[in-house]
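# Notes for the structure review
Take a look at the letters that make up each chain.
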Amino acid sequence: MKLRHLLLLLILLPAGIFIAQQRQNKSLTSQSDTALWEKIDSLINIAMPKQSQPYIDELKKRARKSKNTAESVKLLIYEMKINERRTEEALKVFIEQLEKETLTAWEPLQQITHSMLGEMYQEYYEQNRYALLEEYDENAETPKGWSHAEIIEKIIHHYRASIQNSNLLQSSNIGEFAPILTKGNQPETLRPTLYDFLAQRAIDAMQNSEYDIIRPMQEFVPEDADLWLPANTFVNLTLEPSTDTLNPQREALKLMQELLKFRLADTKNRTALFDAERNRINMLHSIYLGKDGDSLYWHAISQLLTLNPDNSTKALLLTDQASFLVDSDQDLFAGEGKQHPANEALKIVESCLKEHPKSAAACLAHNLKQRILHKELNILGATSGDTGSAAI
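Here we summarise the structure given alongside this text. (Residues numbered from 1 in each chain as written. Predicted model: local features only at pLDDT ≥ 70, side-chain atom pairs only at ≥ 80, totals over all residues. Heavy atoms only, no water.)

## Describing the overall build of the protein
Worth spelling out the cut-off: Helix and strand definitions here come from DSSP, where helices need a minimum of 4 consecutive H or I residues and strands a minimum of 2 consecutive E residues; each element is numbered from the N-terminal end. When a residue's accessible area, from a 1.4 Å probe over protein chains only, is under 20% of the maximum for its type it is buried; when over 50% it is exposed; and in between it is partly exposed. The contact criterion used is simple: two residues touch if any of their non-hydrogen atoms lie within 4.5 Å. Shrake-Rupley sampling with a 1.4 Å probe provides the accessible areas, and residues are treated as covered by the protein chains on show and by no other component.
Each helix and strand in the protein was counted, giving 17 helices and zero strands. Relative to its 392 residues, the protein shows a buried fraction of 43%. Taking as baseline every contact in the protein between residues at least 6 positions apart, the subset at least 24 positions apart corresponds to 66%. Only carbon and sulfur atoms are counted for the fraction: they give 52% of the accessible area of the protein, which is about 22300 Å².

## Thoughts on the layout of surface pockets
Selection criterion: Here a cavity denotes a set of grid points, spaced 1 Å apart and computed over the protein atoms alone, in which a 1.4 Å probe fits but from which it cannot get out, and a pocket denotes an open set meeting protein on both sides within 12 Å along at least five of seven lines; residues with an atom within 4 Å of a point are reported as lining. Grid points are joined across faces, edges and corners, and a volume is the space filled by probe spheres set on the points.
Looking at the second largest pocket, its volume works out to about 400 Å³. Along the wall of the second largest pocket there are 19 residues; nearest its centre are Pro-230, Ala-231, Glu-277, Leu-304 and Leu-307. When contributions to the lining of the second largest pocket are tallied by element, the ones reaching two or more residues are α11 (231-234), α13 (270-287) and α14 (293-305).

## What about the nonpolar core?
The condition that has to hold: Only buried residues count toward a nonpolar core. Its members are Ala, Val, Leu, Ile, Met, Phe, Trp, Tyr and Cys residues joined through side-chain atoms within 4.5 Å.
Ranked by internal contacts, the top residues of the largest apolar core, which has 64 residues, are Ile-95, Ile-151, Leu-253 and Leu-260. Filtering out sequence-adjacent residues up to four positions away, Leu-253 remains in contact with Phe-220, Leu-227, Phe-234, Leu-239, Met-283, Leu-284 and Ile-287. Membership of the second largest hydrophobic core comes to 16 residues, among which are Ala-315, Leu-346, Cys-352 and Ile-372.

## Quick word on the environment of Met-217
Here Met-217 is to be found in the loop between α10 (194-207) and α11. Counting along the chain gives 26 residues from Met-217 to Thr-243, while the straight-line C-alpha distance between them is 9.5 Å.

## Comments concerning the pattern of salt bridges
Put simply, the rule reads: Here a salt bridge means any side-chain nitrogen of Lys or Arg lying within 4 Å of a carboxyl oxygen belonging to Asp or Glu.
Per the stated rule, a full pass over the model turns up 19 salt bridges. The closest approach of N and O atoms between Arg-263 and Asp-196, which form a salt bridge, is 2.8 Å. Within this pair, whereas Arg-263 is found in helix α12 (residues 248-265), its partner Asp-196 is found in helix α10, the two being separated by 67 residues in sequence. Among the charged side chains, a salt-bridge network with shared partners connects Arg-160, Arg-250, Glu-251, Lys-254 and Glu-258.

## Notes on unusual backbone geometry
Across the junction of Glu-107 and Pro-108, the peptide omega takes the value 10 degrees, indicating a cis bond. Following the sequence through the fold, Pro-108 ends up in the loop between α5 (90-104) and α6 (109-127). Here Glu-240 and Pro-241 are connected by a cis peptide whose omega angle stands at 0 degrees. Note on placement: Pro-241 falls in the loop between α11 and α12. At Lys-67, a residue that is not glycine, the phi angle is positive and equals roughly 55 degrees. Residue placement: Lys-67 occurs in the loop between α3 (53-66) and α4 (69-84).

## So, helix α8 (residues 148-161)
What counts is decided by this rule: A helix's residues, less one, multiplied by 1.5 Å, set its expected span.
In this model α8 runs 20 Å from its N-terminal to its C-terminal C-alpha over 14 residues, within 8% of the 20 Å that 1.5 Å per residue would give. Of the residues making up α8, those classed as buried are His-148, Ala-149, Ile-151, Ile-152, Ile-155, Ile-156, His-158, Tyr-159, Arg-160 and Ala-161.

## Here we look at the packing of aromatic side chains
Selection criterion: Each pair of aromatic rings taken from Phe, Tyr and Trp, with Trp reduced to its six-membered ring, is defined by centres within 6.5 Å and is described as stacked if the planes are under 30 degrees apart, edge-to-face if over 60, and tilted in the remaining cases.
Enumeration over the complete set of coordinates arrives at five aromatic pairs. Note on Trp-298 and Phe-324: the rings are 5.8 Å apart at their centroids and 35 degrees apart in plane angle, and the pair reads as tilted. Within this pair, whereas Trp-298 is found in helix α14, its partner Phe-324 is found in helix α15 (residues 311-328), the two being separated by 26 residues in sequence. What makes Phe-324 buried here is its relative accessible area of 14%.

## Remarks on the side chain of Gln-111
Mapped onto the elements, Gln-111 comes out in helix α6. Residues within four places of Gln-111 in sequence aside, it is in contact with Ala-161, Ser-162, Gln-164, Asn-165, Leu-169 and Leu-198.

## Notes on α15
Our working definition: Residues adjacent in sequence count toward polar contacts only when both atoms are side-chain atoms; beyond that, a polar contact is any pair of N or O atoms within 3.5 Å, and within protein one must be able to donate a hydrogen and the other to accept it.
With 18 residues, α15 ought to run about 26 Å at 1.5 Å a step, and its terminal C-alpha atoms sit 26 Å apart, in line with that. Of the residues that open α15, the one with a side-chain oxygen 3.3 Å from the backbone nitrogen of Ser-312 is Asp-310.

## Topic: the side chain of Glu-251
You can see Glu-251 is positioned in helix α12. When its relative accessible area of 6% is taken as the criterion, Glu-251 is described as buried. Setting aside residues no more than four positions away along its own chain, Glu-251 makes contact with Ile-156, Arg-160, Met-206 and Thr-245.

## Considering the packing of α12 against α13
The condition is simple: To get an axis, a line is fitted to the C-alpha atoms, and for a helix only the part in contact is used. The angle between two axes follows their N-to-C directions and goes from 0 to 180 degrees. Orientation categories follow fixed angle ranges, with anything under 35 degrees roughly parallel, anything over 145 roughly antiparallel, 65 to 115 roughly perpendicular, and all other angles oblique. Here a crossing is taken to be left-handed if its near helix is turned anticlockwise relative to the far helix by less than a right angle, and right-handed if that turn runs clockwise. Charged residues are taken to be Asp, Glu, Lys and Arg, nonpolar residues to be Ala, Val, Leu, Ile, Met, Phe, Trp, Tyr, Cys and Pro, and polar residues to be all remaining types, Gly included.
Where α12 meets α13, the axes come as close as 10 Å, and the angle between the chain directions of the two elements is 160 degrees. Classed by the angle they form, the pair α12 and α13 counts as roughly antiparallel. Note on packing geometry: the crossing formed by α12 with α13 is left-handed. In this structure, α12 uses Gln-249, Ala-252, Leu-253, Met-256, Leu-259, Leu-260, Arg-263 and Leu-264 to contact α13, whose residues at the interface are Ala-272, Leu-273, Ala-276, Glu-277, Asn-279, Arg-280, Met-283, Leu-284 and Ile-287. Split into classes, the residues belonging to the contact of α12 with α13 amount to 12 nonpolar, two polar and three charged.

It is worth stressing that arrangement in space is one thing and function is another; only the former is reported here.
Set out below in structure tokens:
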């Protein structure tokens, strides 16, 4: 009798599960997107992220059917957060999942996921840097199954792939992707298209990256003073040697050339052009290894200011100048009657605050002013201290 009951239970149990799943699926499909998002958030908030996966899967189906790019990216970000809490190798697992999804993604979702993959591979590299270098061999595999060189190639490949089909990206208004962007205090005119956003994101990621790789015999070194030439000349420079394909700084400069070509051709939006050119100048200041880098930087900023930039960019350029003067100053009171860099910086900052009080640079200028005044007080305190001889 007990055996019969057990057999009956085994027969009915799968049927019960199937019916329950059907009910859940019917329940999910009948709910609005808003209701599903509310359930996802509530489950994550009570530390039950795994239980939110069915709701995410349902929303992903809907987003794929309607080709809703912003919604799809938002869901991918949520999935990544959920997996972070579930496994130690969550980043690798999610990378592999996103690689598969990228293959079948539509455009421009595909470009966005390439950008996400570039960032994730970079994060993986940074987390496992020492393990990767333990037995350094360019072709040796790590215990995770990825070689050192392969990861670096993937970082550059995915960031490069994130701006493919530039015509589509350049015609995609950034406002369409507001749900997945963090609202800052910068106007949309600085990054008006998806291309601007993804290109700047790739440039920012690669300009300061250093990978422990075997350098080629002919290595690209950012030391040519021509790199500081105006944008319309810079975009046509050949970055030799072209064989140094794993050099992230060379890739960042190449991406900047492409971005500036696009911006120079768009005569309707000078704000985005000035912003990109300002970013190029600041990037060069951080990576340039040639002679007279500081004077070339100051000249480039000063020249850009003479081209009558918009108020927002002008204010940022002024704070760049002031910050440079403060950071490069070694002695604020080096000689009587001389104009010290900090005094000049203070004049620039006060001018910026007066002329552009509501600009994005105003907060930077205010903080910089406090730094200058604090530094002056410290030096004045040191110079006015007791200089008498020590007591015996």
